[in-house]
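# Chain and residue survey
Below are the chains, spelled out letter by letter.
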Amino acid sequence: MGIVLGPNRYGKAESRVVRIVRDTPRHEIRDLTVSSALRGDFEAAHVDGDQSAVLPTDTQKNTAFAFAKRHGVTSPEDYAIALGRRLLAATPAATGAEIAVDEHAWDRIAVDGDGHDHAFVRRGTEVRTTGVDVSDDGVVVTSGLRDLVVLKSTGSEFKDFLHDDYTTLADTDDRILATALRATWRYARADGIDWNATYDAVRALLLSTFATTYSHALQETLYAMGRTVLETHEEIAEISFVAPNKHHFLVDLAPFGLDNPGEVFIAADRPYGLIEATVTREEETS
């Protein structure tokens, strides 16, 4: 039985690219973590040590920084598409370029009720994400967010679940529902889309649906969020969720002579339930 090289790719991971737009006294900031990877006919590099077809990972890093200036960063998606096309064109042996961009949000520091022109404060843990695959077959864009921490203090239950000999969890009609949400949505096309406006609209739908949907389980809430996004945005083909259930357990205050009618909880970081789901469009049959 022979030995052959399997699927492979290579690239530069997590270049920290910060672009300041200072064309006017009121500056803008785009704070990115950029990763790139090329796939294609690189067998000689692996089998024979022949690097003649390999565009160095250092060059990929340099291109990421150069394109932050040359092309600009109006959105992570637009920047990633341009970077992917450039790397693919620069590497004849490559059949595809994959670009992943995380954007870290900054808000203007409020001074006398207005946002300062050039002073910013980092916004929490939430990260905007983008993944772009550029090849001769076209461009596939997947955008999203992660570490969007949300909590509702009521409007959630969990009961009538399957029990066996090892089940100790009690049914509850009223609980805290909290998660650090990761959502990714794949676009049906890569042209004619306002990336920033769509991101803002999807994020707002996720939050409003989470807030207003009575939840029998986190699974039901995720499906409702995904369904709302797809019903509202025809340009999105599917949306996927990864949602760790951030458990909050009621603290027994009876030893201290105190009642606790759903007011004081201990937040447990692990172990945690992990709920994953994809909501997609039903394929039409001819």
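Note: the structure precedes this text.
Bear in mind that the values here come from a model prediction, so they are computed numbers and not experimental data.

## Some details on the overall build of the protein chain
In terms of helices and strands, the protein chain carries five helices and 10 strands. Principal-axis analysis of the C-alpha atoms places the extent of the protein chain at approximately 75 × 70 × 45 Å. Within the span of the protein chain, comprising 286 residues, buried residues form 39% of the whole. Sequence separation of 24 or more characterises 64% of the internal contacts of the protein chain that already satisfy a separation of 6 or more. Accessible surface for the protein chain amounts to roughly 16,800 Å². Of this, 51% is attributable to carbon and sulfur atoms. Separation between the mean location of the 29 positive side-chain charges and that of the 46 negative ones in the protein chain comes to 8 Å.

## So, helix H4 (residues 195-212)
Residues that lie three or four places apart on an α-helix share one face, since the helix turns once every 3.6 residues. The terminal C-alpha atoms of H4, which comprises 18 residues, lie 26 Å apart, in line with the 26 Å expected from a rise of 1.5 Å per residue. Residues Trp195, Thr198, Tyr199, Val202, Leu205, Leu206, Thr209 and Phe210 constitute the buried set of H4. Angularly, the buried residues of H4 cover 130° about the axis, an arc narrow enough to put them on a single face. Against helix H3 (76-90), strand E4 (114-135), strand E5 (138-152), strand E6 (177-187), helix H5 (218-232) and strand E7 (236-245) lie the buried residues of H4.

## A word on the pairing of strand E3 (residues 94-111)
In the sheet, strand E2 (residues 28-40) pairs with E3 via 10 bridges, with the strands oriented antiparallel. Among the inter-strand pairings, Val34 is bridged to a residue of E3, identified as Val101. Pairing analysis gives 14 bridges linking E3 to E4, with the strands arranged antiparallel. Its bridge partner being in E4, Glu103 is matched across the sheet by Arg128.

## Remarks on the pattern of salt bridges
Overall, the coordinates contain 18 salt bridges when judged by the stated rule. Residue Arg203 pairs with Glu126 through a salt bridge whose shortest N-O separation is 2.7 Å. Linking Arg203 in helix H4 with Glu126 in strand E4, this pair joins segments that are 77 residues apart in sequence. Its relative accessible area of 23% is what places Arg203 among the partly exposed residues. A salt bridge links Arg146 to Asp147; the nearest nitrogen and oxygen atoms lie 3.9 Å apart. Looking at Arg146, the relative accessible area reads 24%, which means it is partly exposed. For Asp147, a relative accessible area of 33% puts it in the partly exposed group. Through salt bridges with shared partners, one network takes in Arg9, Arg39, Glu98 and Asp133.

## A look at the environment of Lys246
As for its placement among the helices and strands, Lys246 is situated in the loop between E7 and strand E8 (248-250). Residues Lys246 and Ala267, spaced 21 residues apart in sequence, show a C-alpha to C-alpha distance of 7.4 Å. When neighbours within four sequence positions are excluded, Lys246 is seen to be in contact with Ala178, Thr179 and Ala180.

## So, the side chain of Glu77
Secondary-structure assignment places Glu77 in helix H3. Here Glu77 falls in the buried class, since its relative accessible area comes to 1%. Discounting residues that sit within four places of it in the chain, Glu77 has contacts with Arg128, Thr130, Val132, Val141, Ser143 and Trp195.

Cut-offs applied
Residues numbered from 1 in each chain as written. Predicted model: local features only at pLDDT ≥ 70, side-chain atom pairs only at ≥ 80, totals over all residues. Heavy atoms only, no water. Helix = DSSP H or I, 4+ residues; strand = E, 2+ residues; numbered from the N terminus. Buried < 20%, exposed > 50% of the residue type's maximum accessible area, 1.4 Å probe, protein only. Contact = heavy atoms within 4.5 Å. Areas by Shrake-Rupley, 256 points an atom, 1.4 Å probe, with all protein chains shown as cover. Lys, Arg positive; Asp, Glu negative; His and termini not counted. Charge placed at Lys NZ, Arg CZ, Asp CG, Glu CD. Expected span 1.5 Å × (residues − 1). Arc of directions from axis to C-beta. Pairing = 2+ DSSP bridges. Salt bridge = Lys/Arg side-chain N within 4 Å of Asp/Glu carboxyl O.

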